[in-house]
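Spelled out, the chains give:
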Amino acid sequence: MTTITIPQDMRPEDGRFGSGPSKIRPEQVAALDAGATTLLGTSHRQAPVRRLVADIREGLRDFFRMPDGYEVALGNGGASAFWDVACASLINRRAAFGCYGSFSAKFAASAASAPFLEDPVRFEGEPGTYRLPELTDGVDAYCWAHNETSTGVAAPVRRVPGSLEQDALTLVDGTSAAGALPVDVSQTDAYYFSPQKAFGSDGGLWVAVLSPTAVERAARVEHAATLPGARRWVPPFLSLTSAIANSRKDQTLNTPAVATLVMMADQVRWLNGNGGLDWAVARCAKSAETLYAWAERSDYASPSVADPAARSHAVVTIDLDERIKASDVVAALRDNGIVDTAGYRKLGRNQLRVGVFPSVEPSDVKALTACVDYIVERL
Ligand SMILES: *Cc1c(COP(=O)(O)O)cnc(C)c1O
């Protein structure tokens, strides 16, 4: 295939459209430089790095308008590690899951393999739709993903009716949604995420907004695991009570990547300075609607998610007509410095997938649509 060269003035200013890792703003990198000798390469147990963690925790409290009693905990390992933290420390006996894509299914798989938990109840939805878990006897945690990153589907975040009366927790994976989609965290007991999506940082951390009920549950579950005859193993690395104790001191259980903290703190400050969650939500919605409207108008592209209400404003998926190979479009974009627009590997659809997180300029999203048209006309 011959290379297609997109005129420079048509290209986005920044060509990073990944769904995670995602664009890191230059100002975040400048923050690394500013902390080059005072933060990087210094102890996470000392005041400067702890202040950074405090900034993140306090900044997120404002950003999510957290109810009284809620708190931010963090630890190493990303959202994937938090699934196992939840299995070890939050799910008492049995959890119910909404499964409608790769990420939502992975947490259910973790719970299924924990020998001290009962088999999870799975409520399965076709890729491109969502399915929330339903009230089920004997369930003590309801789990789903706010944004299913593999398909570009956004699901509602509200407690399963009757779940509070059942003393069940609501654990929502906010990984590609937090910072981009509207949320009322009081509808959750853990709203957890990794920072390399809407928070435009590097990966490696998990961050969780926890309700007092979740904190109590962790204490009870972990205490029960110490009693004679208990079957549960809480590996120290997966102990949520340790993570909470460390977080309250603005630390992590073990050594974090300080650079990730620096970039995350800068992003939280940037988001709050611009108007917080409402601003971020509006900005992402604008970018997403630009793409969906372009696809609706196009004679070769269409939104992958049929239900307009389920179309994500954080990760946009666009199907291409079978005459056009998405992999050719993705490759030609990459040749022009426009990267990470491929669909989720394992989904295997003829699709473009675009992360439209707050760091991405809506004008760059507009430019992207013109670049795709330019390529498709010349393939
Ligand atoms: C990216 C992603 C994860 C995994 O995050 P890691 O930091 O790689 O563990 C989990 N859930 C969702 C919804 C995601 O988008």
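Residues numbered from 1 in each chain as written. Predicted model: local features only at pLDDT ≥ 70, side-chain atom pairs only at ≥ 80, totals over all residues. Heavy atoms only, no water.

Just so we agree on the cut-off: UniProt positions are given in the numbering used here, feature names are shortened, and annotations may be inferred rather than shown by experiment.
The name an unreviewed UniProt entry gives the protein chain is Phosphoserine aminotransferase, with Bifidobacterium pullorum subsp. saeculare as the organism. The annotation that UniProt attaches to the protein chain under Subcellular location (unreviewed entry) is "Cytoplasm". According to UniProt, the comment filed for the protein chain under the heading Sequence similarities (unreviewed entry) is "Belongs to the class-V pyridoxal-phosphate-dependent aminotransferase family. SerC subfamily."

As for the packing of helix H5 (residues 212-224) against helix H6 (residues 240-248)
Definition in use: The angle between two axes is taken between their N-to-C directions and runs from 0 to 180 degrees, where each axis is a line fitted to C-alpha atoms and a helix contributes only its stretch in contact. Runs of E in the DSSP output that reach at least two residues are strands. Runs of H or I that reach at least four are helices, and both are numbered from the N terminus. For this classification, under 35 degrees means roughly parallel, over 145 means roughly antiparallel, 65 to 115 means roughly perpendicular, and everything else is oblique. The contact criterion used is simple: two residues touch if any of their non-hydrogen atoms lie within 4.5 Å.
Between H5 and H6, the shortest axis-to-axis distance is 9 Å and the interhelical angle comes to 130°. Here H5 lies oblique to H6, going by the angle between them. Counted together, Val215, Ala218, Ala219 and Glu222 of H5 and Leu240, Thr241, Ile244 and Arg248 of H6 form the full contact between these two elements.

Digging into the UniProt feature "binding site: pyridoxal 5'-phosphate" (unreviewed entry) in the protein chain
Under the convention used in this document: Here the term cavity refers to a set of points on a 1 Å grid, laid over the protein atoms alone, in which a 1.4 Å probe fits but cannot get out; the term pocket refers to an open set having protein on both sides within 12 Å along at least five of seven lines, with lining residues being those that place an atom within 4 Å of a point.
Here the UniProt feature "binding site: pyridoxal 5'-phosphate" (unreviewed entry) sits at Ala79, Ser80, Phe103, Thr149, Asp173, Gln196, Asn254 and Thr255. These residues run over 177 residues, and the two farthest C-alpha atoms among them are 28.3 Å apart, placing them at more than one spot. Lining the largest cavity, out of the annotated residues just given, are Asn254. By the secondary structure assignment, Ala79 is in helix H3 (residues 78-89).

Some details on the UniProt feature "domain: Aminotransferase class V" (unreviewed entry) in the protein chain
As annotated by UniProt and renumbered to match this structure, "domain: Aminotransferase class V" (unreviewed entry) occupies residues 135-343. Annotated as 34% helix and 16% strand, the span residues 135-343 places its first and last C-alpha atoms 33 Å apart.

Some thoughts on the sheet that holds strand E11 (residues 315-320)
As a reminder of what qualifies: In short, DSSP must find at least two bridges between two strands for them to pair.
Pairing in this open sheet of three strands is antiparallel, and the strands run E10-E11-E12 from one edge to the other. With partners counted over all chains shown, the strands left at the sheet margins are strand E10 (301-303) and strand E12 (351-355), one partner each. Across the sheet, the axes of successive neighbouring strands diverge by a mean angle of 30°, strand direction being ignored. By the bridge criterion, five bridges tie E11 to E12 in an arrangement that is antiparallel. Bridge pairing in E12 places Val315 opposite Gly355.

Looking at the pairing of E11
Two faces make up the sheet, and in a regular strand the side chains alternate between them. Where we set the bar: Think of it in three bands: with a 1.4 Å probe and only protein chains considered, a residue is buried below 20% of the maximum accessible area for its type, exposed above 50%, and partly exposed in between.
Most of E11 is tucked away: six of the six residues are buried. On E11, burial covers both faces: Val315, Thr317 and Asp319 on one face and Val316, Ile318 and Leu320 on the other are all buried. Strand direction decides the pairing type here: E10 and E11, joined by three bridges, are antiparallel. Residue pairing across strands places Pro303 opposite Ile318, the latter belonging to E11.

What about helix H4 (residues 102-113)?
Counted only if it meets this: One fewer than the residue count of a helix, multiplied by 1.5 Å, yields its expected span.
Its twelve residues give H4 an end-to-end C-alpha distance of 16 Å, which sits within 8% of 16 Å, the value for a rise of 1.5 Å per residue. Buried within H4 we find Ser102, Phe103, Ser104, Phe107, Ala108, Ser110 and Ala111.

Considering the sheet that holds strand E8 (residues 190-193)
In space, the seven strands of this open sheet follow the order E1-E9-E8-E7-E4-E2-E3, with mixed pairing throughout. On the outer flanks of this sheet lie strand E1 (71-76) and strand E3 (121-124), each paired with one strand and no other. Going across the sheet, the axis of each strand differs from the next one's by a mean of 20°, ignoring polarity. As paired elements, E8 and strand E9 (residues 205-210) share four bridges and run antiparallel to each other. The residue of E9 that forms the bridge with Tyr191 is Val209. Where helix H2 (residues 47-63) meets the sheet, it contacts E1, E8 and E9, and its direction lies at approximately 135° from that of E1. Docked against the sheet, H6 engages E1 and E9, running at close to 110° with respect to E1.

Here's the deal with the site of the ligand
Put simply, the rule is: Any residue with a non-hydrogen atom lying within 4 Å of a molecule or strand is treated as near it. The Shrake-Rupley method, run with a 1.4 Å probe, gives the accessible areas here. Residue values count only the displayed protein chains as cover. Three residue categories are used. Nonpolar comprises Ala, Val, Leu, Ile, Met, Phe, Trp, Tyr, Cys and Pro, charged comprises Asp, Glu, Lys and Arg, and polar comprises the others, including Gly.
Around the ligand, the structure places 13 residues, and the nearest of them are Ser80, Thr149, Asp173, Ser194 and Lys197. Look at the ligand: alone it shows 390 Å² of surface, and the protein chains cover 87% of it. Grouping the constituent residues of the shell around the ligand by class yields three nonpolar, eight polar and two charged.

Let's talk about the pattern of salt bridges
A side chain with one charge can pair with a side chain of the opposite charge if their charged atoms come near. Using the following cut-off: Salt-bridge detection follows one rule: a side-chain nitrogen of Lys or Arg within 4 Å of a carboxyl oxygen of Asp or Glu.
Considering all chains together, one arrives at 17 salt bridges under this definition. We note a salt bridge from Arg57 to Asp250, for which the minimum N-O separation is 3.0 Å. Of this pair, Arg57 sits in helix H2 while Asp250 sits in the loop between H6 and helix H7 (258-274), placing them 193 residues apart in sequence. Both residues of the pair, Arg57 and Asp250, count as buried. Between Asp319 and Arg349 there is a salt bridge whose closest N-O contact spans 2.4 Å. Here Asp319, found in strand E11, pairs with Arg349, found in the loop between helix H9 (326-335) and E12; they are 30 residues apart in sequence, far enough to count as distant. For Arg349, a relative accessible area of 39% corresponds to the partly exposed category. Residues joined in a network through salt bridges with shared partners are Arg25, Glu27, Asp266 and Arg269.

A closer look at the layout of surface pockets
Stated formally: Grid points are joined across faces, edges and corners, and a volume is the space filled by probe spheres set on the points.
Quantified by volume, the largest pocket comes out at close to 310 Å³. Lining of the largest pocket is provided by 14 residues; of these, Ser19, Gly20, Pro21, Tyr344 and Arg353 occupy positions nearest its centre. Within the lining of the largest pocket, the residues separate by chemical class into four nonpolar, five polar and five charged.

Focus on the packing of aromatic side chains
Put simply, the test is: The pairing test for Phe, Tyr and Trp rings, Trp by its six-membered ring, is centres within 6.5 Å, and the orientation test on the planes gives stacked under 30 degrees, edge-to-face over 60, and tilted for anything in between. We count a charge as sitting over a ring when the NZ of a lysine or the CZ of an arginine lies within 6 Å of the ring centre and within 35 degrees of the ring normal.
Scanning all chains against the criterion turns up 14 aromatic pairs. Here Phe63 and Phe199 contribute two aromatic rings whose centre-to-centre distance is 6.0 Å and whose plane-to-plane angle is 70°, an arrangement assigned as edge-to-face. Placement of the pair is Phe63 in helix H2 and Phe199 in the loop between E8 and E9, with a sequence separation of 136 residues. Under the relative-accessibility criterion, Phe63 is labelled buried at 2%. With 5.1 Å between their ring centres and 20° between their planes, Phe193 and Phe199 make a pair best called stacked. Judged by its relative accessible area of 0%, Phe193 is buried. Owing to a relative accessible area of 1%, Phe199 belongs among the buried residues under this scheme. Here the aromatic cluster, defined as three or more aromatic residues joined through ring pairs, consists of Phe82, Trp83, Phe97, Phe107, Tyr192 and Trp206. The aromatic ring of Tyr292 is capped on one face by Arg311, whose charged end is 5.7 Å from the ring centroid. If you follow Arg345 out to its NZ or CZ, it ends over the ring of Tyr344, 6.0 Å from the centre.

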